[in-house]
Amino acid sequence: MLTCKEFLQELNDYLDETGDIELRRRIESHITQCPNCFVILDTTKKTIQVYKGVLPQTLPPDVHSRLLKAVERKSTERKLRAGLPGVQH
Amino acid sequence: MPATQEAGIFDESALVAKAREGDLAAFNELVNSYSRKIFRLAKHITQNDEDAEDVLQETFLKAFEHLGDFQGQSKFYTWIVRIAVNESLMKLRKRKSDRSVPLDEPVDTGEDTVVREIAVWDENPEQQYSREELGQILDEAVQGLRPAFRTVFVLRDIEELSTEETAEALGISVPAVKSRLLRARLQLREKLTRFFKRKGDDVFAYM
């Protein structure tokens, strides 16, 4: 039987599904007998889930256009340095 | 849920090859695919929009400049994440007012794994809040973590890099990633429990 301290140490491998079958079995057996660790496992799992896909991935439009302009300037500089044709300046 | 480039239509290595030959349109396609993620990552680490924009620009300009050095052994995304993390950390270190703990500090005190609050959550806690409110709660909880933990959590659980990729991007060992991630997750769990616990279930908080 795992102690609660050992349970905590192994929690990540269980949540990330990287632990072996024996470890999973021991964790599952521990949480059936320890309501606190059951709650910790459940709420840590929900913590990770709630972050997936909720935080916005937005880019202000002017940030995006400034980025593209900066890249274009860099590209022009590089072409000029290399003396490539087709650069109007 | 926004569609992502992982859907499969997007041929990253072909774009990288074209961009390496100087094809600006191909490079811009890479920029368009990853700029939002890089901005979010930079914002989480630096904690402000202005620094995040600087990091975003520096990351893609460096990537453009050094595309010839990119070996293609790792994914292009992992490579630019590494650049973005380095740029973000430089911003943090430069900021004089930043009195937070440095990233390379040893953090194995064990104290952070102490669990204080144990309470059952609502079945669907996110439904109690509007999308904006929820975003703010989650954001503030992450911002409250120490930089060493925050960075690992952002890379592993928000940007979904593997443990190995995270270790590589941060220049720390795999065991260090694992121990920081555990602490970060447990600390966030504590913070979020205050918002998401089922009402009237305090009987569970007896320890």
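Residues numbered from 1 in each chain as written. Chains lettered and ligands numbered in written order. Predicted model: local features only at pLDDT ≥ 70, side-chain atom pairs only at ≥ 80, totals over all residues.

**Topic: the environment of B:Leu134**
- Topologically, B:Leu134 is positioned in helix α5 (residues 131-143).
- For the pair B:Leu134 and B:Phe195, spaced 61 residues apart in sequence, the C-alpha separation works out to 9.7 Å. (Helix = DSSP H or I, 4+ residues; strand = E, 2+ residues; numbered from the N terminus.)

**Notes on the domain arrangement of chain B**
All names here are of chain B.
- Its domain assignment divides chain B into domain 1 (7-95) and domain 2 (111-206).
- In this structure, domain 1 and domain 2 have C-alpha centres spaced 26 Å apart.
- Contacts between domain 1 and domain 2 engage ten residues on the former and 13 residues on the latter.
- When residues of the side of domain 1 that touches domain 2 are traced back to their parent elements, those giving at least two are α2 (24-46) and α4 (76-94).
- Looking at the side of domain 1 that touches domain 2, its residues break down into five nonpolar, three polar and two charged. (Domains from an automatic or database assignment. Contact = placed C-beta atoms within 7 Å. Nonpolar A, V, L, I, M, F, W, Y, C, P; charged D, E, K, R; others polar.)

**Description of the nonpolar core**
Residue and element names in this part refer to chain B.
- Ile-38, Ala-42, Leu-56, Ala-84 and Phe-153 are the most contacted members of the largest nonpolar core, which totals 58 residues.
- Top element by residues in this core is α2. It accounts for nine residues.
- Each of domain 1 (7-95) and domain 2 (111-206) accounts for three or more of the residues forming this core.
- The contact partners of Ala-84, leaving out residues within four places of it in the chain, are Ile-38, Leu-41, Ala-42, Val-55 and Thr-59. (Core = buried A, V, L, I, M, F, W, Y, C linked by C-beta atoms within 7 Å. Buried ≥ 20, exposed ≤ 12 C-beta atoms within 10 Å, placed from the backbone.)

**Quick look at the packing of helix α3 (residues 35-51) of chain A against helix α8 (residues 174-196) of chain B**
- Relative to each other, α3(A) and α8(B) sit at 90°, their axes nearing to 9 Å. What the angle tells us is that α3(A) and α8(B) run roughly perpendicular. Two secondary-structure elements touch here, α3(A) through A:Thr43, A:Thr44, A:Thr47 and A:Ile48 and α8(B) through B:Arg185, B:Leu186, B:Leu188, B:Arg189, B:Leu192 and B:Thr193. (Axes fitted to C-alpha atoms, helices over the stretch in contact; angles between N-to-C directions. Parallel < 35°, antiparallel > 145°, perpendicular 65-115°, else oblique.)

**A look at the interface of chain B and chain A**
- If you look at the interface, chain B gives 43 residues, while chain A gives 29 residues.
- Breaking the side of chain B that touches chain A down by element, the ones donating at least two residues are α2, α3 (49-65), α5, α6 (147-158) and α8 of chain B.
- Class assignment for the residues of the side of chain B that touches chain A results in 26 nonpolar, six polar and eleven charged.

**Let's talk about the confidence of the model for chain A**
- The predicted model of chain A has a mean per-residue pLDDT of 87, with 89% of residues at 70 or higher.
- Looking over chain A, one finds the lowest element-wise mean pLDDT in helix α4 (residues 61-82) of chain A, namely 90, and the highest in helix α2 (residues 21-33) of chain A, namely 94. (pLDDT = per-residue confidence, 0-100.)

**Description of unusual backbone geometry**
- In the Ramachandran plot, A:Glu17 falls in the positive-phi region, its phi being about 55° despite a non-glycine side chain.
- Here A:Glu17 lies in the loop between α1 (4-15) and α2.
- Located in the positive-phi region is B:Gln47, a residue other than glycine, with phi close to 70°.
- Relative to the elements of secondary structure, B:Gln47 occurs in the loop between α2 and α3.
- Accessibility expressed as a C-beta count within 10 Å gives 20 for B:Gln47, which makes it buried.

**Digging into the environment of B:Gly171**
- With respect to the element layout, B:Gly171 can be found in the loop between α7 (163-170) and α8.
- In sequence terms B:Gly171 and B:Asn86 are 85 residues apart; their C-alpha atoms lie 9.7 Å from each other.

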